[in-house]
Amino acid sequence: MRRVFFALNVAAAVVLVAVFALLPQHAGELRLQRFTYVAIYFIALLGLNILVGYSGQISLGHYAFVGIGAYTAALLVIGRPGLELLNHHPPGWIPLGDGMRAIFTIPIAGIVAGVFGYAFGLPAQRLAGVSLALATFAVGVSLPQIAKQFDNVTGGAPGLPLTLPTTPFGWNISVPHWLYYEAWVTAAILAFAAWLLLRGRAGRALGALRDGEIAAVSSGVNPTAYKTFAFGISAAYAGVAGALLAVQIAFVNPDTFPLGQSIILLAALVLGGLGSMYGALIGAFVMEYLPIYAQDPPFTSNGLSTKAPTVTFGVILIVIMLVAPNGLMGLLRSLGRKIIYRLNRNSVVIDERSPLGQSRRAEA
Amino acid sequence: MKRALIASALVAIAALVVSLPGAFATTRAETAATATPGVTSKLITIGGTFPLSGPASLYAPIPRGMQVYFSWVNSRINKGDHKRGVYGRQIKWKYYDDAYNPAQTVQLTNQLLLQDKVFAIVGSLGTAHNEAIRASLNQQKVPQILVSTGASEWGTRAREFPWTIGWQPDYVAEGRAYAKWIVQNAPNAKIAIFYQNDDYGKDYLSGVKEGLGSKSSLIVGEQSYEPTDTSYASQIARLKATGADTWVILAIQTPTVRALATAKALAWRPKDIVINSVSAIDLVMSAATQSAGAAYTNGDISSAYLKNPSNPTYAKDPWVKNYYRIMHKFAPSLDAKNGNYYYGFAKAYDVVRLLYLAGKNPTRQSLMNATRKMNWVNPYALKGVKVKTSATDRFPISQMRLIRYQDGSWTEFGSLLQGR
């Protein structure tokens with residue numbers, strides 16, 4: 001059984017990579033842009049999944065870290081001379097440089113957001129449950145306000161326009177294609193990194209902490225270290241997503257990172273399926289496409305959609321959660337399991353060696 | 001396990017290698033534009049983004065007011081060419097909810113361009129939101145016209161962004177008008193200013209200071225608020241302590257109501273000046289009157305450039321009557337008294353005039369040329385207010401009149417003011 005799932009996993013990963021690599025040849029520009037956003041949300045959800053799905057902590061304000069990454073990237077891309085042109089005069093001690101190529105800002109944004117996340121995780125690990133949820137909520141609420149307050153750096157409410165993205169290194173490839181590949185290659189690398197991280201010691205430690213902290217501690221897991229580590233890593237993922245987002249929309253301002261996006265991010269993760277990377281991928285599609293369909297739902301007159309996109313969105317969310325309480329990935333998994341069991345039960349008659357078949361027979 | 005991993009990585013790399021040349025190949029063909037996007041023999045598609053939900057959803061009626069006017073244009077027969085629509089083309093109006101989030105504005109504007117294939121982006125709402133799409137639209141040479149924001153930069157930065165143009169009087173001009181009125185009518189006033197701490201409030205603030213000129217010493221106190229603040233008691237107490245007798249409130253609707261209520265609670269009764277977006281919606285002043293009392297709203301000064309559909313003065317105005325008739329016919333369920341419907345309706349009038357001016361075979365370029373030759377009277381605007389632009393003047397509406405609030409309605413007074 002484990003082998004069947006592993007083979008399925010590998011096959012799914014290969015098919016997914018092939019699909020995303022080949023898609024640009026067949027998709028129009030709009031779909032390409034949509035899928036670029038999917039990659040960006042996927043990265044943010046991978047990070048949130050490490051925090052919520054694996055370490056069992058909660059974050060209601062995770063989009064703030066996306067915002068930190070986005071502002072970091074925007075400031076580095078614009079650079080000090082660019083900011084002076086926009087009539088902003090950030091204090092001299094902030095190392096801004098003279099404008100950086102967008103792709104190099106991605107790791108820096110990840111590190112900056114990661115440091116913020118780690119720093120937040122240190123005091124936050126004293127909190128749990130509702131208190132932690134409230135503390136993270138506060139982060140989500142305060143980021144737009146902080147961005148408004150320090151307007152000599154962040155541009156305040158009017159925001160910072162970035163120069164439009166270009167293809168680097170003189171490559172002969174259109175800008176949407178470039179942004180698409182940039183986002184998906186980053187997403188693939190980070191998904192692989194998350195997989196490596198979670199299948200090893202750290203993943204086991206986080207899982208143990210989630211399922212029973214006392215038991216984990218008595219087995220020698222350091223809860224403080226691992227919990228703050230989870231915060232730092234997930235914030236770093238969010239920061240990378242933010243950098244890609246800032247370049248993609250070529251604009252940042254406080255309204256770009258509203259609290260509502262944090263909630264939608266968490267909702268998308270739960271919808272996709274907690275604790276699963278495929279769940280994060282499904283969640284990323286939900287996050288990009290659900291609000292769009294909510295605006296223009298098929299099979300309805302135009303009247304409903306333009307009046308209440310948010311209501312439509314909410315109703316769809318509720319319906320999905322009723323149908324799939326363990327998220328869409330949970331639904332797929334239980335369906336897959338049923339099919340495999342069915343196949344195995346039929347094969348039991350022929351193949352007596354199947355260990356699974358024996359257990360099924362015993363049940364019957 | 002490891003072998004499977006390596007195998008999948010190899011497949012992934014192979015797929016990338018296979019796909020990249022294809023990606024390079026498709027890049028060139030895209031730019032070859034043939035016919036004008038969004039214009040067919042029967043249809044002309046235009047679109048915009050608006051906050052139908054979220055913190056600014058109060059503006060949601062604007063695109064619906066526009067829709068009603070376009071529906072009427074599509075159904076009526078034009079006296080000149082005996083055709084419905086504009087030169088026989090039906091106007092298709094597509095608008096999306098960006099929830100006041102610039103990231104959504106960017107995505108949905110792309111959707112309008114690439115999926116709905118609109119001819120032009122019309123009337124999108126919000127200053128930061130229009131800034132977020134401006135560079136990209138100008139690079140692609142897509143008209144971004146009659147934006148629903150009064151920031152001064154739509155007119156002042158026209159050389160940098162020739163594909164962008166505003167519509168209404170800008171905030172700097174409005175602020176200047178209030179200041180000039182104070183200088184003329186109360187040369188010894190002690191002015192307190194309360195403004196929203198963002199570009200919107202600061203545009204107004206700079207207008208007021210410009211208008212005061214050498215008299216800027218009249219300002220005795222300046223306080224700002226954040227749109228998310230829930231109490232202004234400390235700011236307003238400080239303003240009261242300055243002994244000011246004239247209070248310029250450069251705040252949007254809800255904060256203005258709250259500020260007036262706070263002033264009453266602190267028993268401070270200066271002469272108030274409120275901005276156009278407050279006075280244009282009757283609901284706001286009646287809410288303020290309810291929470292602060294008539295003594296705190298009667299005599300308030302503001303400005304207007306459109307007729308007010310719920311003002312008794314205009315009950316017999318043929319154009320306002322026309323507005324109600326069309327609204328009742330095409331959207332009987334909407335509350336036509338809401339000034340935001342009227343704003344959208346009045347703006348749509350100018351959109352249609354522009355589409356005619358762009359010619360029988362309009363192109364994006366001919367539409368932009370038309371925005372440099374606007375010269376007409378919008379019958380839904382105040383009497384005498386002209387819609388006028390030139391190659392150098394990029395402020396379509398720049399005239400306004402001052403208005404005074406008394407017992408539930410606004411009355412115009414004084415002469416027409418030139419904003420620019």
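As the structure is a prediction and not an experimental result, all values here were calculated from the model.

Participant: Go over the overall build of chain A with me, naming the residues and quoting the values.
Facilitator: In terms of helices and strands, chain A carries 16 helices and 2 strands. With respect to the principal axes defined by its C-alpha atoms, chain A has extents near 80 × 55 × 45 Å. Split by element, the accessible area of chain A, about 16600 Å² in all, is 68% carbon and sulfur.

Participant: How would you sum up the overall build of chain B? Please name residues and give values.
Facilitator: When its secondary structure is counted, chain B shows 15 helices and 13 strands. Taken over C-alpha atoms, the radius of gyration comes to 24 Å for chain B, in line with the 22 Å a tight globule of 420 residues would show. By residue count, 59% of the 420 residues in chain B fall in the buried class. The long-range fraction of contacts in chain B, counting pairs at least 24 apart against all pairs at least 6 apart in sequence, stands at 68%. When the accessible surface of chain B is summed, it comes to about 17100 Å², and 55% of that surface belongs to carbon and sulfur atoms.

Participant: So, the environment of Ser142 of chain A: which residues are in play, and what are the values?
Facilitator: Residue and element names in this part refer to chain A. Turning to its location among the elements, Ser142 is positioned in helix 5 (residues 129-149). Distance in space between the C-alpha atoms of Ser142 and Pro258 is 9.8 Å, their sequence separation being 116 residues. Within polar-contact distance, the side chain of Ser142 engages the backbone oxygen of Val139 at 3.2 Å.

Participant: Now, about the pairing of strand 12 (residues 399-406) of chain B: what can you tell me, with residues and values included?
Facilitator: Residue and element names in this part refer to chain B. Where strand 9 (residues 301-304) lies against strand 12, 4 bridges are found, and the strand directions are antiparallel. Bridging across to strand 12, Ile301 finds its partner in Arg404. With 7 bridges joining them, strand 12 and strand 13 (residues 409-418) adopt antiparallel strand pairing. What sits directly across from Gln399, in strand 13, is Gln418. Where strand 12 folds back onto strand 13 in an antiparallel hairpin, the turn is made up of 2 residues, including Asp407, whose phi is positive at roughly 50 degrees.

Participant: So, the pairing of strand 5 (residues 191-196) of chain B: which residues are in play, and what are the values?
Facilitator: All names here are of chain B. Buried residues dominate strand 5, accounting for 6 of its 6 residues. What you see with strand 5 is no split at all: Ile191, Ile193 and Tyr195 on one side and Ala192, Phe194 and Gln196 on the other are buried throughout. Of the pairings in the sheet, the one linking strand 5 to strand 7 (residues 246-250) comprises 5 bridges and is parallel in character. Bridged to Ile191 within strand 7 is Thr246. Bridge analysis of strand 5 against strand 6 (residues 219-225) gives 6 bridges, and the strand direction is parallel.

Participant: I'd love a proper account of the nonpolar core, names of residues and values included.
Facilitator: Ranked by size, the top nonpolar core spans 115 residues in total, and within it Met66, Phe70, Ile91, Ile193, Trp247, Leu250 and Tyr323 of chain B carry the most contacts. Once residues lying within four places of it in the same chain are set aside, the contact partners of Ile193 of chain B are Leu205, Val208, Ile219, Gly221, Glu222, Gln223, Leu239, Val248 and Leu250 of chain B. Among the nonpolar cores identified, the runner-up in size contains 104 residues, and Ala64, Ala183, Tyr226 and Ala250 of chain A belong to it.

Reading the values: rules and limits
Residues numbered from 1 in each chain as written. Chains lettered and ligands numbered in written order. Predicted model: local features only at pLDDT ≥ 70, side-chain atom pairs only at ≥ 80, totals over all residues. Heavy atoms only, no water. Helix = DSSP H or I, 4+ residues; strand = E, 2+ residues; numbered from the N terminus. Areas by Shrake-Rupley, 256 points an atom, 1.4 Å probe, with all protein chains shown as cover. Rg over C-alpha atoms; globule rule 2.2 N^0.38 Å. Buried < 20%, exposed > 50% of the residue type's maximum accessible area, 1.4 Å probe, protein only. Contact = heavy atoms within 4.5 Å. Polar contact = N/O pair within 3.5 Å; in protein donor to acceptor, adjacent residues only side chain to side chain. Pairing = 2+ DSSP bridges. Core = buried A, V, L, I, M, F, W, Y, C linked by side-chain atoms within 4.5 Å.

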